[in-house]
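Observations on chain architecture
Given next are the chains, with one letter for each unit.
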Amino acid sequence: MKKVLIATAFALLGIQFSLAQVVQGTHSTTSGGDLRFGAKVGFLGSDLFGDGIVDNTPLPGFQFGGAVEMPLTDELYFAPELLISFQGTGSVGDNIRLGYLNFPLMGKYHITEEFAAEFGPQLGFLFSDNLDDFNLEANPIDLGLGIGGGYRMDDHLYFQLRFNMGFLKVIKNVKAHNAALQLGGIYYF
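Summary of the structure given here. None of these values were measured; they are calculated from a predicted model.

Enumeration over the complete set of coordinates arrives at 6 aromatic pairs. Each ring, one from F86 and one from F127, has its centre 5.9 Å from the other, and the planes form 85 degrees; the classification is edge-to-face. Linking F86 in strand β4 (residues 76-91) with F127 in strand β6 (residues 115-129), this pair joins segments that are 41 residues apart in sequence. Judged by relative accessible area, which is 28%, F86 ranks as partly exposed. Residue F127 is classed as buried on the basis of its relative accessible area of 7%. Here the aromatic rings of Y187 and F189 are separated by 5.9 Å at their centres, their planes lie at 80 degrees, and the arrangement is edge-to-face. By relative accessible area, which is 39% here, Y187 ends up partly exposed.

Following this line, the structure appears as structure tokens:
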């Protein structure tokens, strides 16, 4: 199952990057513009919160993948992403490490040409974990909500700061939810 998810993720990224070569058009931050594709990379600090988690600390991680920007109006965009995210939680002993294929489905509202607010749901599929080391079983799906903002430096570079909070239990029979603070950058082609 894990190999299928990883292969699917890379296939989707490959399709996305090949489509980026086909979709042509100019983009202007002062008008709606065209559909655009980009590559995203970022760092995150993640943790697990809930009644079943004690003595934990944020765990540094990273994410990478692709992003699409679809203008709906001059200020409003639909901005879905496909990300491989490495997150978890730190503890006094061993760290809990979780690998997700995340699909943030963000709405982006440009307050100005440069600054935008972001909000939307995120669906995640677990493809790796080390919970067997702790005799625990992971929930294979995560559902959460993201909120944040971004800064468009130019027509190609966009930087984001986002907080995501999960609603589903990460570990079966333990009340623990994902939370992550993300700092990322997107290069639009």
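Picking up after the structure, the text goes on.
Bringing the pattern of salt bridges into the picture now. Scanning the entire structure with this criterion turns up 8 salt bridges. One salt bridge in this structure joins K40 and E81, with 3.0 Å as the shortest N-O distance. Taken as a pair, K40 in strand β1 (residues 36-49) and E81 in strand β4 lie far apart in primary sequence, 41 residues in all. When its relative accessible area of 4% is taken as the criterion, K40 is described as buried. Given a relative accessible area of 5%, E81 falls into the buried group.

What follows concerns the side chain of R36. Structurally, R36 is set in strand β1. For R36, a relative accessible area of 6% puts it in the buried group. Only 2.5 Å separates the side chain of R36 from the backbone oxygen of D155, close enough to count as a polar contact.

Looking now at the pairing of β4. Counting buried positions along β4 yields 12 of 16 residues, so the element is predominantly enclosed. Of the strand pairs in this sheet, strand β2 (residues 56-57) and β4 are connected by 2 bridges, and their pairing is antiparallel. Considered in β4, the bridge of T57 is made with G90. The antiparallel hairpin formed by strand β3 (residues 59-71) and β4 contains 4 residues in its connecting segment. One ladder, built from 12 bridges, connects β4 with strand β5 (residues 96-110); its direction is antiparallel.

Its location among the elements puts P80 in strand β4. Here the alpha-carbon distance between P80 and E69, two residues 11 residues apart in the chain, equals 7.1 Å. Setting aside residues no more than four positions away along its own chain, P80 makes contact with A67, V68, M70, P104, L105 and M106.

The backbone phi angle of N135 is positive, close to 55 degrees, even though this residue is not glycine. Turning to its location among the elements, N135 is positioned in the loop between β6 and β7 (141-152).

A few words on the nonpolar core. Judged by nonpolar contacts, L48, I53, I96, L98, Y100, L126, L131, A138, V170, I171, V174 and A176 together constitute the single largest core of 12 residues. For this core, the element with the most residues is β5, which contributes 3 residues. Setting aside its immediate chain neighbours within four residues, I53 contacts L48 and A176.

For the rest of this paragraph, the subject is the pairing of β1. In the sheet, β1 pairs with β3 via 11 bridges, with the strands oriented antiparallel. By the bridge assignment for β3, F43 is matched with F62. The pairing of β1 with strand β9 (residues 177-188) spans 12 bridges and is classified as antiparallel. Bridging from a neighbouring strand, L48 pairs with N178 of β9.

Rules and cut-offs
- Residues numbered from 1 in each chain as written.
- Predicted model: local features only at pLDDT ≥ 70, side-chain atom pairs only at ≥ 80, totals over all residues.
- Heavy atoms only, no water.
- Phe/Tyr/Trp six-rings, centres within 6.5 Å; stacked < 30°, edge-to-face > 60°.
- Helix = DSSP H or I, 4+ residues; strand = E, 2+ residues; numbered from the N terminus.
- Buried < 20%, exposed > 50% of the residue type's maximum accessible area, 1.4 Å probe, protein only.
- Salt bridge = Lys/Arg side-chain N within 4 Å of Asp/Glu carboxyl O.
- Polar contact = N/O pair within 3.5 Å; in protein donor to acceptor, adjacent residues only side chain to side chain.
- Pairing = 2+ DSSP bridges.
- Contact = heavy atoms within 4.5 Å.
- Core = buried A, V, L, I, M, F, W, Y, C linked by side-chain atoms within 4.5 Å.

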